[in-house]
Each structure stands twice: as C-alpha cells, then as structure tokens.
2 protein chains.
Amino acid sequence: MQPSRPRPRIRDVARAAGVSETTVSHVLNNKGRVEAATRARVAEVAERLGYRPNSNARGLRSGRADTIALLMPIVDLDATHHILAVDFYLSLTMNVVEAAFERDQALLQLPPLRRLDDLRRFGIDGGIVVDPLPSDPRVAMFDRLGLPVVTIGRDIAHPGDHWWVAADSAAGTLTVLDHLAAAGARRVAMLSVDIEWSWFADAERAYAEWTARHGRPPMLVRARPDKLDSSAAEAAGRLLDLEPDAVYVPPQWLATGLLRATRERGLSVPGDLLVSVGVDSHQARTSEPALTAVDLDPARTAREAVDLLISRIEGRPPQAPRVIPITLLPRRSTAAITRRA
Amino acid sequence: MQPSRPRPRIRDVARAAGVSETTVSHVLNNKGRVEAATRARVAEVAERLGYRPNSNARGLRSGRADTIALLMPIVDLDATHHILAVDFYLSLTMNVVEAAFERDQALLQLPPLRRLDDLRRFGIDGGIVVDPLPSDPRVAMFDRLGLPVVTIGRDIAHPGDHWWVAADSAAGTLTVLDHLAAAGARRVAMLSVDIEWSWFADAERAYAEWTARHGRPPMLVRARPDKLDSSAAEAAGRLLDLEPDAVYVPPQWLATGLLRATRERGLSVPGDLLVSVGVDSHQARTSEPALTAVDLDPARTAREAVDLLISRIEGRPPQAPRVIPITLLPRRSTAAITRRA
DNA sequence: ACTCTATGCAAAATCGATTTGGCACCACAA
DNA sequence: TTGTGGTGCCAAATCGATTTTGCATAGAGT
C-alpha cells in the first residue's frame, strides 16, 4: 500500500490532456462546446488518472450540498432497539438510501440530536424525520435553521402541516378489524402503546369509531413505552383479562409479548384468539403461527418521502400530504373461527 | 411558511457585529486573538442570525469532507432483506452513526454500488464495508480511487490485509461447541450457509478443528444462499436426517427455519435437540424456546471500525486487525440434557 | 475578396470559509 | 524619546470546481 499520492485535481487532468481546466469541466459535465476528439481524449485521461471531482468545491459553486439527512425515531433509549428491531425500519432506510441515490442525493444518517449546534455541523439541503413526536424538537431544529424537512408519519400536534408522508393507518386498522369480524370475531380488542405517533393515534381513533359504528364494546389496552419486555407482558395480561376473541396489535414487539402470554395461559392462536399485527416483518412471517400483518410498503413510503423533500428543497408547492395505501397480508393467526358455529 | 430567506453568510454576521470576517471565523473556531467582549458579541450575533457555516466552503479549505461512508452487506437481492432482518445490523448501523458523530464525522449510507462512477460522486474521506465478499468489488473501488477503507469482517481471499475489524467467530464457535458438549451433547452438528464471509468461514474451520480434536464425526450442512425460506427448510431437513443432538447455526434466519423443521418433525428443543445461534437478536430472545446466542457486540465493533478508519485516513499505522471478543448468552434452547443420564 | 457566423477553447470571476501575514496601537523599559 | 513586545483586528490569498465572457480561427454566404 503506497503512501497514497494526493488526488488528481482538475488542473492535473487539464495539463495531462493538454487543454484548459474549463474544457475538462465541460467534458465531465457534458456542457459547452468541445470537439468530439478532444472530448474523448479528456475523458480517457480523467479515467486513467482516476480523477474524482472534489464535491466540496462543486457544492460550493453550485450552492447545494446534494445531501439529505435521515433521522430515525427516538424513544426511551432502552426501548429504541426493541422498537426498531423490526425490518420495516431497515427496509425503510435502505429504500431511502436507494431513492436518494437515484435522485442524485447522498444520504446522511444522523444520530439523535441533542442541541441545535449538532445539526448545524452538517452540510445538508434538508432532512427526513421518521415518526415525529408531537412538536418534535428535531423538526423544530430544522425549522429554526430554515432547512426543509418532511416527516414520515404525522406530527399529531400540528394538524396544519402538510409536509408528511404516512401509511394509511386508519384504513389499515379498519381493514384489519373488518377482516377479524369476517373471520367470526365478536369481541375485538386492540393492544396499543402509549407513544404519540400518528400511526398509533390514527389506529386507536379508527378502532374507536369502528367499535361505535358496530355497537361493540371498545377494549383498548395501552402498554407503557418503557422496559418493553415487561410492559408488554403486563399489558398483554390486562388485555387477556378482558377475554377478547381477536386482537389488533400494531407494533411487532407487543405482538410477540401477546403470543407469549397466550402460550402461558394455554390459549391457542388462532383457535381461541385471532391476532393481527400492524406491520409486516420477518418475525411476523416466521412466527408460530404466522401472523396476519399490514404491509406498510416501506419502499413506496421511502420514495415518496424523498420526492416530497426534494420538492420542498426546490421550492415547489406541496403535493402533500401523501398517504400511502396499505394492504392486508392474511396469515394463519387469523384463520376463520369455526368452533363457534 | 415564508419563502425562506437565504442563509446568512459569515459576511452578514461580520457586518452585523461590526467586525471583519476573519474575526467571526476566529470566534467561531476558537482561534486567533479576539477580545473577550468582541468574542461574546460576535457569538451572540451569530446565534441570533442562526448562522451555520457552509460545510462545502469549510471542507474545501480544510481539504477534508469529514464524512465517511457505510456500505451494508450485499447478497442476492431477494435474500438481502432476510439476512439483514436481524437487529445486529440495525444496531451496528446506529452505533456507527453515533461513533462517527462523536469523532466529528458525518455518516453517509451508500446503496449497493454498481460502477466506479457511483462512488466518485460522493464527497467522502473513506468508507466502511460490512461483510466483504472475497475480493469485494466495493473494496476494490475504494482502493482504485485511493480512498481509505476498512471492513467489518475479513476478506477471506486477502489474508495479508490488516484493515479490518471482526468479532472472534472462531472463539465464539468454540465457546458454543464447548457449551453444547458440557450440556451433554454427543452428536454436535453445524448448519451454515454458502456465503463466503469470514464469519461463516472461520466458524466452519473452528468446527472442523473442534470435531477432529474431540474425535467426533463432523456433521456440516450448508444452505444455499438463495430463496432463503425454502433453502433453509431444505438444509434443515438434510441436517436433521443426520440425527444430531445439538446444532450450532450462525445465522438467525437458518435458526428460524431449523426450529420450524423440528416442530414439523415433532422434535422438541431443547429436549431432543440443543440449538444455538451465532448472533443475538430480538428474535432469538423472544423465540420459543429462547435461543442461546453469541453476543457479537455490535456497539464495540462499530466504534472500533470508525476508529480504525479514521486512523487510516490520518495516515497512522494500523493498530489492526482488531478482533472483538464475544460472549455467550445461554438460554433455554441449550438447557442441559438430562434424559440421557 | 470581405463580411458574418459558428465553433473550439481559454482566462478570469465566482462560491464561502479559513489562514497567513501584517498593521496599528498600547504599555513598558531603556 | 525610542525601541520592544504583546494585543486586537483586518486584508488578502487560498482551497477546487463551475460558469461567464471573450478571443481566435475556420468556414459559409454575398
């Protein structure tokens, strides 16, 4: 490994090709008027020298960083890994990266930001905040710096804001509930969590409306968002005490806890209890029994979020909010109830 | 939302504070000689205007991007999500982001790169490639551009390379095997996958040595790395045909497949078969039964990788390779065999 | 032959921050 | 008074690419 020689500059390419820096720039950016032969020669030299334009210089000139930031959800630190341990977020991330790349943007992944200065440091054109809390301080930081920002999920404290992309949690909930009812469930409960994300808020509201409309007793249990393993067990216990015959449980970690609780009580799924989870994952597919899940379409969500952010950066009016349609993935955990016939 | 006024430049701060740009720069970077009163006034003005240094200009001057890239593993596209659907990678990513941030580096997440030009576009000082394949083309791209690169996991085709960080897969394997033997297992098998990562290669080699040393029959089955759900089922079937009483299975998705196969054959874990997986995860903790797993310490791995990369960027000699010690997390899936007494 | 236009290329300005070198001023000593 | 050293601040050079402007030259049109 030789002591890496300094990177070639545009000047070096120009000299080696016997032309001006201007011409090299024109060739590399497909602009200006350059003879085909010169063009080819310059391109060849640039390739041979391994020339790579300095993106700082380029960005300085063009006034854009061509870089956007991604901020993953923050919750109680201990809980973060549990909550994010679902491949939805992995898939979302990969798809945001890919979508940004296709739009010629680099994707900076940011850690939880503590102070405004933390954000100042980065050379970005805008950011995507995933699962904002009410009046999320991270969104406020972007606003404060005049940086464009969009969210994946809605800030439930700011109904006027339009710059968001979110899966249709309410529709997803109704689809699940109808599916459970069609499978024969009478006492349909919901197991949620006390985190103020629009995903949960919308699901709970839809559940309330659905039970009211169908004249069913609402059975909603919320888990505390800390010490997740134990709070899942505790909440699952409270829920089972209500003796439901079907449950819609949005987050995967709660579904896992609920399944464990049913096993401990000797209940069978789907025999005694139908269970549907609100996000698809490898865990849902391979659990025993396989869990009926809602496909939140992380790929499309990612693409729309990147597109919306770029719109905002370029000052175009919001074609927003953007609601992503969901689909139900029925699996064995909600197989039709027959024993009640 | 007003049409966001242009960001203040250092010039605006200088004018508003009645000093030169030089002085503003000195204040903001804690350099030079500036009277305390002036210093305070400039700082106040900068804060009030929401001044944020243009990182392109700064980077241009300093010659560094203060940005490093992270490249996640690539495998057959269909399989990627299955393989990465384990919180190890999520945790690794978050920790790399955090570690980079603490070292004043921004973290660019890159998509799978197809061409050299894909990499040229980004303004980075170096990169971290996770789970390199033999003679990994992504590593080659970095080399080709003279960009510092380190890997998490070793390129098994380049034994001379030192710029890597990896969990001690061999030691982890021996620990697991000893643990299984201590629990009473006689016929210890290994279920691996045909992917040429050092994690698997080292584990298989350690397994071969261990069986030879203990005079046990080696029972190694490799799954094909495509169509993961079906190939897991197929490989698990082949393995169970060998009638082992314990299995070490590094990847989580294979362990999931193996558990399903045991259920279908009416085998109980740990009653008839001890199972240990090679990476810890939420799935391993919450599966039924909970799976004994190897803690690969993604937090430390991430930190060491970032540190090693910065060393290389700054031209320091490699304090490398860096082998991360592992620990075993015994759970119910390897509870001691008593029925054989 | 003589203008006119299009073409190929280059010189110089520009983006915004950092850094070097130096000027003016003051206090103090010789 | 004159030097000496330290302090506080600023002008200008600099980083590397892009873009504007301009200047030759060649070829076309009259």
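Scoring rules and cut-offs
- Residue positions are counted from 1 within each chain, in the order its sequence is given.
- Numbering of ligands from 1 and lettering of chains from A proceed in the order in which they are written.
- Restriction of local features to residues with pLDDT of at least 70 applies here, the model being predicted, together with a cutoff of 80 or more for giving and counting side-chain atom pairs; totals for whole chains, interfaces and linings are based on all residues.
- Heavy atoms throughout the structure, all of them, feed into the side-chain values; hydrogens and water do not.
- In this description, contact between two residues means that some pair of their heavy atoms is separated by no more than 4.5 Å.
- Summed over both partners, buried area is the accessible surface (1.4 Å probe) that two parts give up on being assembled.
- In the sections that follow, a salt bridge refers to a side-chain nitrogen of Lys or Arg positioned within 4 Å of a carboxyl oxygen of Asp or Glu.
- UniProt positions are given in the numbering used here, feature names are shortened, and annotations may be inferred rather than shown by experiment.
- The way it works is that DSSP assigns letters per residue, a run of H or I at least four long becomes a helix, a run of E at least two long becomes a strand, and they are numbered from the N terminus.
- One bridge is not enough; two strands pair if DSSP finds at least two bridges between them.
- Between N-to-C directions, angles span 0 to 180 degrees; the directions come from axes that are lines fitted to C-alpha atoms, helices contributing only their stretch in contact.
- Partly exposed describes any residue whose relative accessible area lies between the buried limit of under 20% and the exposed limit of over 50%, with all areas from a 1.4 Å probe on protein chains only and scaled to the type maximum.
- Consider each residue's heavy atoms; a residue with any of them within 4 Å of a molecule or strand counts as near.
- N or O atoms closer than or at 3.5 Å make up a polar contact, with two conditions inside protein: a donor-capable atom paired with an acceptor-capable one, and, for residues adjacent in sequence, both atoms drawn from side chains.
- When residues are sorted by character, Ala, Val, Leu, Ile, Met, Phe, Trp, Tyr, Cys and Pro go into the nonpolar class, Asp, Glu, Lys and Arg into the charged class, and all the rest, Gly among them, into the polar class.
- Only buried residues count toward a nonpolar core. Its members are Ala, Val, Leu, Ile, Met, Phe, Trp, Tyr and Cys residues joined through side-chain atoms within 4.5 Å.
- Marked domain ranges trace back to an automatic or database domain assignment.
- Pairs were defined over the aromatic rings of Phe, Tyr and Trp, the Trp ring being its six-membered one, requiring ring centres within 6.5 Å. Orientation was assigned from the angle between planes: stacked under 30 degrees, edge-to-face over 60, tilted for the rest.
- The labels follow the angle: roughly parallel below 35 degrees, roughly antiparallel above 145, roughly perpendicular from 65 to 115, and oblique for the rest.
- Note: crossing handedness is left-handed where the near helix turns anticlockwise from the far helix by less than a right angle, and right-handed where it turns clockwise.
- A residue counts toward the fit only if its pLDDT is at least 70 in both copies, and the copies are then superposed by least squares on the C-alpha atoms of those residues.

A. Seen up close, the interface of chain A and chain B. Listed as interface residues are 61 residues of chain A and, on the opposing side, 61 residues of chain B. Summed over both sides, the interface between chain A and chain B buries roughly 5400 Å², with carbon and sulfur atoms accounting for 55% of that surface. Among the residues chain A hides against chain B, the three largest losses belong to R52(A), F101(A) and R120(A). Together they make up 13% of the total. Viewed at the interface, chain B and chain A are joined by six salt bridges. The salt bridge partner of R114(A) is E98(B), with a shortest N-O separation of 3.3 Å.

B. The arrangement of the UniProt feature "domain: HTH lacI-type" (unreviewed entry) in chain A in detail. Per the UniProt annotation, the sites labelled "domain: HTH lacI-type" (unreviewed entry) are residues 8-62 of chain A. The distance separating the terminal C-alpha atoms of residues 8-62 of chain A is 21 Å; by composition the span is 71% helix and 0% strand.

C. Broad picture of the sheet that holds strand β12 (residues 327-329) of chain A. All names here are of chain A. If you walk across this open sheet you meet the six strands as β7-β6-β8-β9-β10-β12, and the pairing is mixed. Across the chains shown, the open sheet's two edge strands, defined by having one partner strand only, are β7 (220-223) and β12. The average angle at which neighbouring strand axes cross in this sheet is 20°, direction not considered. Each of β6 (188-193), β8 (246-249), β9 (274-277), β10 (292-295) and β12 touches helix α9 (residues 169-182); the most contacted strand, β8, lies at about 165° to it. Lying over the sheet, helix α11 (residues 228-241) contacts β6, β7 and β8, oriented at roughly 165° with respect to β7.

D. Examining the pattern of salt bridges more closely. Residues and elements named next belong to chain A. As enumerated under the stated definition, the model contains 50 salt bridges over all chains in all. Between E204 and R222 there is a salt bridge; the shortest N-O distance is 2.7 Å. One end of the pair, E204, is in helix α10 (residues 198-213); the other, R222, is in strand β7, and 18 residues separate them in sequence. For E204, a relative accessible area of 12% translates into the label buried. Residue R222 is classed as partly exposed on the basis of its relative accessible area, which comes to 39%. Here R332 and E288 are joined by a salt bridge, their closest N and O atoms 2.7 Å apart. With R332 in the segment after β12 and E288 in the loop between α13 (282-286) and β10, this pair connects stretches of sequence that are 44 residues apart. Taken together, the shared-partner salt bridges connect R64, D66, D125, E314 and R316 into one network.

E. Broad picture of unusual backbone geometry. Following V269(A), the chain continues into P270(A) via a peptide bond in cis, with omega recorded as 10°. Considering the arrangement of structural elements, one finds P270(A) in the loop between α12 (252-264) and β9. Put simply, A320(B) and P321(B) share a cis peptide bond, and its omega is -5°. Secondary-structure assignment places P321(B) in the loop between α14 (298-313) and β11 (322-324).

F. Seen up close, the pairing of strand β10 (residues 292-295) of chain B. Residues and elements named next belong to chain B. As paired elements, strand β9 (residues 274-277) and β10 share two bridges and run parallel to each other. Bridge pairing links V277 to A293 in β10. Note that β10 and strand β12 (residues 327-329) share three bridges and pair antiparallel. Paired with D295 across the two strands is T327, which belongs to β12.

G. A look at the protein's contact with DNA strand D. Around DNA strand D, a shell composed of 26 residues is seen, among which I10(A), R61(A), S20(B), T22(B) and T38(B) lie nearest. Backbone atoms, meaning sugar plus phosphate, form 56% of the atoms of DNA strand D positioned within 4 Å of the protein. R9(A) places a polar side-chain atom, nitrogen or oxygen, 2.9 Å from a phosphate oxygen of DNA strand D. In the model, a base oxygen of DNA strand D is placed 2.6 Å from a nitrogen or oxygen of the R61(A) side chain. Broken down by secondary-structure element, the contributors of at least two residues to the surface near DNA strand D are α2 (21-29) and α4 (55-62) of chain A together with α2 (21-29) and α4 (55-62) of chain B. In terms of residue class, the surface near DNA strand D is built from eight nonpolar, 10 polar and eight charged.

H. How the structure looks around the nonpolar core. Core analysis: the largest hydrophobic core is formed by 79 residues, its most contacted members being Y89(B), I128(B), L180(B), L191(B) and L258(B). Residue-level mapping places this core at the junction of two domains, with at least three residues from each of domain 2 (67-167 + 298-324) and domain 3 (169-296 + 328-334) of chain B. In this view, L180(B) contacts A185(B), V188(B), A246(B), V247(B), Y248(B), L274(B) and T334(B); residues no more than four positions away in its chain are not counted. Counting 78 residues, the second-largest nonpolar core is a separate cluster that includes A99(A), I152(A), L228(A) and Y248(A).

I. Just the packing of aromatic side chains, in detail. All told, the structure shown has eight aromatic pairs over all chains when counted by the stated rule. Look at F88(A) and Y89(A): their rings are 5.2 Å apart centre to centre, the planes differ by 75°, and that puts the pair in the edge-to-face class. Side by side, F88(A) and Y89(A) carry an identical accessibility label, which is buried. Ring plane angle 15° and centroid distance 5.8 Å describe the contact between W197(B) and F200(B), whose orientation is recorded as stacked. The residues W197(B) and F200(B) share a single accessibility class, namely buried.

J. Summary view of the packing of helix α1 (residues 10-17) of chain B against helix α3 (residues 36-49) of chain B. Residue and element names in this part refer to chain B. Orientation of α1 relative to α3, taken along the N-to-C sense of each, is 125°, at an axis distance of 9 Å. The angle between the axes of α1 and α3 places the two elements in the oblique class. As α1 runs across α3, the sense of the crossing is right-handed. Across the interface between the two elements, D12, V13, A16 and A17 from α1 touch R41, V42, V45, A46 and L49 from α3. When grouped by side-chain class, the residues that make up the contact of α1 with α3 number seven nonpolar, no polar and two charged.

K. Layout of the relation of the copies chain A and chain B. Mapping chain A onto chain B is achieved by rotating through 180° and translating by 0.0 Å along the same axis, at an RMSD of 0.1 Å. Here the transformation between the copies is reduced to the relation of a two-fold axis. By residue overlap, the copies meet face to face through one surface: 95% of the interface positions of chain A are interface positions in chain B.

L. Looking closely at the protein's contact with DNA strand C. Neighbouring DNA strand C are 25 residues; S20(A), T22(A), T38(A), I10(B) and R61(B) lie closest to it. If you look at DNA strand C and keep only atoms within 4 Å of the protein, 54% of those are sugar or phosphate atoms. At 2.8 Å from a base nitrogen of DNA strand C is found a side-chain nitrogen or oxygen belonging to T22(A). Elements with a contribution of two residues or more to the surface near DNA strand C: α2 and α4 of chain A together with α2 and α4 of chain B. A per-class count over the surface near DNA strand C returns eight nonpolar, nine polar and eight charged.

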